[in-house]
Structure formats: C-alpha cells, structure tokens
Amino acid sequence: MNIAICDDESRIREGIKNVLKEAFPNVSLREFSSGQKLLEAVGHEYMPDIVLLDIAMDGMDGMETARRLRELSDMLLIFVTGVKEQVFQAFDVGAFHYLLKPVEKAKLISVVSKAIAEVEKNNMQPKIMLVKAADGYRRVNIEDILYAESDGRKVILHMKQEILEFYDRMEELEKRLGTGFYRCHRGFIVSLSEIRGYDSTSIVLSNGDRIFLAKRKYSEFVKIYCSFLQEPV
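Criteria and thresholds
- Residues numbered from 1 in each chain as written.
- Predicted model: local features only at pLDDT ≥ 70, side-chain atom pairs only at ≥ 80, totals over all residues.
- Heavy atoms only, no water.
- Axes fitted to C-alpha atoms, helices over the stretch in contact; angles between N-to-C directions.
- Helix = DSSP H or I, 4+ residues; strand = E, 2+ residues; numbered from the N terminus.
- Parallel < 35°, antiparallel > 145°, perpendicular 65-115°, else oblique.
- Contact = heavy atoms within 4.5 Å.
- Nonpolar A, V, L, I, M, F, W, Y, C, P; charged D, E, K, R; others polar.
- Buried < 20%, exposed > 50% of the residue type's maximum accessible area, 1.4 Å probe, protein only.
- Arc of directions from axis to C-beta.
- Polar contact = N/O pair within 3.5 Å; in protein donor to acceptor, adjacent residues only side chain to side chain.
- Disulfide = S-S within 2.5 Å.
- Salt bridge = Lys/Arg side-chain N within 4 Å of Asp/Glu carboxyl O.
- Pairing = 2+ DSSP bridges.
- Core = buried A, V, L, I, M, F, W, Y, C linked by side-chain atoms within 4.5 Å.

The next subject is the packing of helix 2 (residues 35-44) against helix 3 (residues 62-70). Relative to each other, helix 2 and helix 3 sit at 10°, their axes nearing to 10 Å. Compared by their axis directions, helix 2 and helix 3 come out roughly parallel. Where helix 2 abuts helix 3, its residues Gly35, Leu38, Leu39 and Val42 lie against Thr65, Arg68 and Leu69. Here the residues of the contact of helix 2 with helix 3 are counted per class, giving four nonpolar, two polar and one charged.

We now examine helix 3. Burial in helix 3 covers these residues: Gly62, Met63, Thr65, Ala66, Leu69 and Arg70. One side of helix 3 holds all its buried residues, which, seen down the axis, span an arc of 160°. The residue sitting at the N-terminus of helix 3 and contributing the capping side-chain oxygen is Asp61; that oxygen lies 3.2 Å from the backbone nitrogen of Met63.

Let us now look at the state of the cysteines. Applying the stated criterion across every chain, the model contains zero disulfides. You can see Cys184 has no disulfide; the closest cysteine sulfur is in Cys226, sitting 15 Å from it. Judged by its relative accessible area of 0%, Cys184 falls in the buried class.

To continue, consider the pattern of salt bridges. In this structure the tally under the stated criterion is 24 salt bridges. Arg169 is paired through a salt bridge with Glu172; the nearest N and O atoms lie 3.1 Å apart. Residue Glu194 pairs with Arg196 through a salt bridge whose shortest N-O separation is 4.0 Å. Linked by salt bridges that have partners in common, Arg169, Glu171, Glu172, Glu174, Lys175 and Arg183 make up one network.

What follows deals with the side chain of Asp7. Locating Asp7 in the fold gives a position in the loop between strand 1 (2-6) and helix 1 (10-23). Reaching out from Asp7, the side chain makes a polar contact with the side chain of Lys101 at a distance of 2.8 Å. Setting aside its immediate chain neighbours within four residues, Asp7 contacts Ile12, Arg13, Phe32, Ser33, Asp54, Met57, Val80 and Lys101.

For the rest of this paragraph, the subject is the sheet that holds strand 5 (residues 97-100). The strand order across the open sheet formed by five strands is 2-1-3-4-5, and the pairing between neighbours is parallel. For this open sheet the edge positions go to strand 2 (28-32) and strand 5, each flanked by a neighbour on one side alone. The sheet shows a mean angle of 20° between the axes of neighbouring strands, direction not considered. Pairing of strand 3 (residues 50-53) with strand 4 (residues 76-81), which is carried by four bridges, proceeds in the parallel orientation. The partner of Val51 across the bridge, within strand 4, is Leu77. Across the sheet, helix 2 is in contact with strand 1, strand 2 and strand 3; its angle to strand 2 comes to roughly 130°.

Another point: the nonpolar core. By size, the foremost hydrophobic cluster in this structure holds 24 residues, and its most contacted members are Phe32, Leu38, Val51, Leu53, Leu69 and Phe79. Elements represented by at least two residues in this core include exactly strand 1, helix 2, strand 3, helix 3 and strand 4. Tallying contributions element by element places helix 2 first for this core, with four residues. Once you skip the residues sitting within four places of it in the chain, Val51 turns out to touch Ala4, Leu38, Leu69, Met75, Leu76, Leu77 and Ile78. Of all hydrophobic cores here, the second largest spans 20 residues; its members include Val27, Leu52, Leu108 and Val119.

Read these as layout, nothing more, since geometry by itself doesn't imply function.
Now the structure itself:
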C-alpha cells in the first residue's frame, strides 16, 4: 500500500507522516513538497494508492494537481487543507474525503483507515483504468482489453465489447497496464491472457486479430509469454 503526502510545508508533511507511520506501520509513505514533483514521480516510477493533498501550495495548486492525477490513475484523493471554500470542487475531481487543518489525529487515522479499506476492496475487484476519451472520462476494465494500437497522437484500445480512442502516449499506457501486457511492437501493446497463437512476425488475439511482433522482440516475447503461461491462475 503506497500513500503519498503532498504539501509545501515540511512541518505539515512530517506531522502527517508521523501519525500514519505509527497507525499503519506496514504502509509505504512518501513525501512531496509540490504538485509538480508528485506528478513527475507518478509519470515515471511511482504509483500511490492514496494521496493526501493540500490545495494552497506554491506553484501548481492541489486542485490542478488532482485533475492531472485523475488523468493517470483512479487513486484515492484526500484533501488536507485550510481552504474550506473549495470543498465542492474537491468532489468534482472525485475526492474520497476533505479534511480541514488543523486535523485531529483521530480523524486523520479514521479517514485514512477507511481509504485503505476501500483500496483493499477495490484490489479484489477487476482492475480499472481511467482514460480521457472524447465524451469525457471513462472507466475501463483492464481485463476487457485485447490490445492497444498507436495511431499518431492517439491510442486505439481494442476491447472485448468496443473500441475506444483517446490521446495518450504508448510509453505511459504501457506503464499503466502493467505486467499482464507486453509491448510487442512500437505500435502495439498486447494482453498476454488474450493471445491465442503467434509466429516470428505476428501475434493472434482471441478475437482473431493479427498484430505485428517486432523481429528484435521475438526471443524476449517467447520467454515472457511462456513464463506467463506457467503462472497459477
């Protein structure tokens, strides 16, 4: 369980961290002094399950940070702020809770405990990815994805029941999809569980579509796919 604490005041971050460290010793905590630094980490090498976020921060404020986080993940957002006037805006970005400073220790523990329980419940359900399509934000069940195809600046997501287009970079999508998918070509990411056959130049999916397999990736693909097939269901 990863929890990020984002506040431009080190004293506040330290106080929240100490409370959570004592209450939830098995949780991984990470501090960020700005929305920019949090987004940079999330875009490259870090994915929190829960974010505790201030609103009034130097540089990018917490509300804009939350909007951008929503484009990357369906993580739980908890605002911890002295700005009570933006409570309705907080729920517009799907905030889990809104805490006003100074926050009582018991209240903070209670809200984070509920958030952890919600994350654990969601982890037992099909994994959901949030994407920004033409008609607004869409929740996509990752288990429904057959493969993703690059089309210029757009991604075409081929799913069991529909095809969805949205703006994204294949590099970023690859990170979000995780280990159940393989980048078999610069223009394709395939679901390993939906593969029905392959040869040295292509992969056949469960719907009959045949997609490119880069020659230089063939050996790596075979190893990864064979390893995937040996994993317990």
